[in-house]
Amino acid sequence: MTKIIHTEQAPAAIGPYVQAVDLGNLVLTSGQIPVNPATGEVPTDIVAQARQSLENVKAIVEQAGLSVADIVKTTVFVKDLNDFAVVNAEYERFFKENNHPTFPARSCVEVARLPKDVGVEIEAIAVRK
């Protein structure tokens, strides 16, 4: 049975989708753009955008009763692949700070445009053990 995951600690969906679905053993998040859920603001700096997107993913995964350490796969969408190095560094810092045992599998792709013209969007898959 599919359960819808929703938290006020991450931005509300801005379209016809949900923040995440819980399939019992898997939690799949929708892509998270760097909107601060408390203020609605988007940081201008790409590093801060990456961090906010990751914090939004974390809030959703935690709402499902899991932790960052349970994330097994991410997809990172960047508007400019020239930002890869700084986004990658923040991504590494985030997973280390959150005690991930290794790092998740990951895809990173450059896209032409993202919602609200942000520079990054991140989605994740977490596994319930």
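Residues numbered from 1 in each chain as written. Predicted model: local features only at pLDDT ≥ 70, side-chain atom pairs only at ≥ 80, totals over all residues. Heavy atoms only, no water.

For the protein chain, an unreviewed UniProt entry supplies the name Reactive intermediate/imine deaminase and the organism Rodentibacter mrazii. A UniProt comment under Sequence similarities (unreviewed entry) is attached to the protein chain, and it reads "Belongs to the RutC family." (UniProt positions renumbered as here; feature names shortened; annotations may be inferred.)

Some thoughts on the sheet that holds strand S2 (residues 20-22)
Taking strand neighbours across the sheet as the criterion, the six strands line up as S1-S2-S3-S6-S4-S5 in an open arrangement whose pairing is mixed. Strands with a single pairing partner mark the edges of an open sheet, and in this sheet they are strand S1 (3-5) and strand S5 (105-110). Strand-to-strand twist across the sheet, computed as the mean angle between neighbouring axes with direction ignored, equals 15°. Across three bridges, the pairing between strand S3 (residues 26-29) and strand S6 (residues 120-127) is antiparallel. (Pairing = 2+ DSSP bridges. Helix = DSSP H or I, 4+ residues; strand = E, 2+ residues; numbered from the N terminus. Axes fitted to C-alpha atoms, helices over the stretch in contact; angles between N-to-C directions.)

Structural notes on unusual backbone geometry
The phi torsion at Lys 116 lies on the positive side, around 60°, for a residue other than glycine. One can find Lys 116 in the loop between S5 and S6. Residues other than glycine seldom take positive phi values, yet Asp 117 does so here, at roughly 55°. Structurally, Asp 117 is set in the loop between S5 and S6.

A look at the pairing of S6
Bridge analysis of strand S4 (residues 71-78) against S6 gives seven bridges, and the strand direction is antiparallel. Paired with Lys 73 across the strands is Ile 125, a residue of S6.

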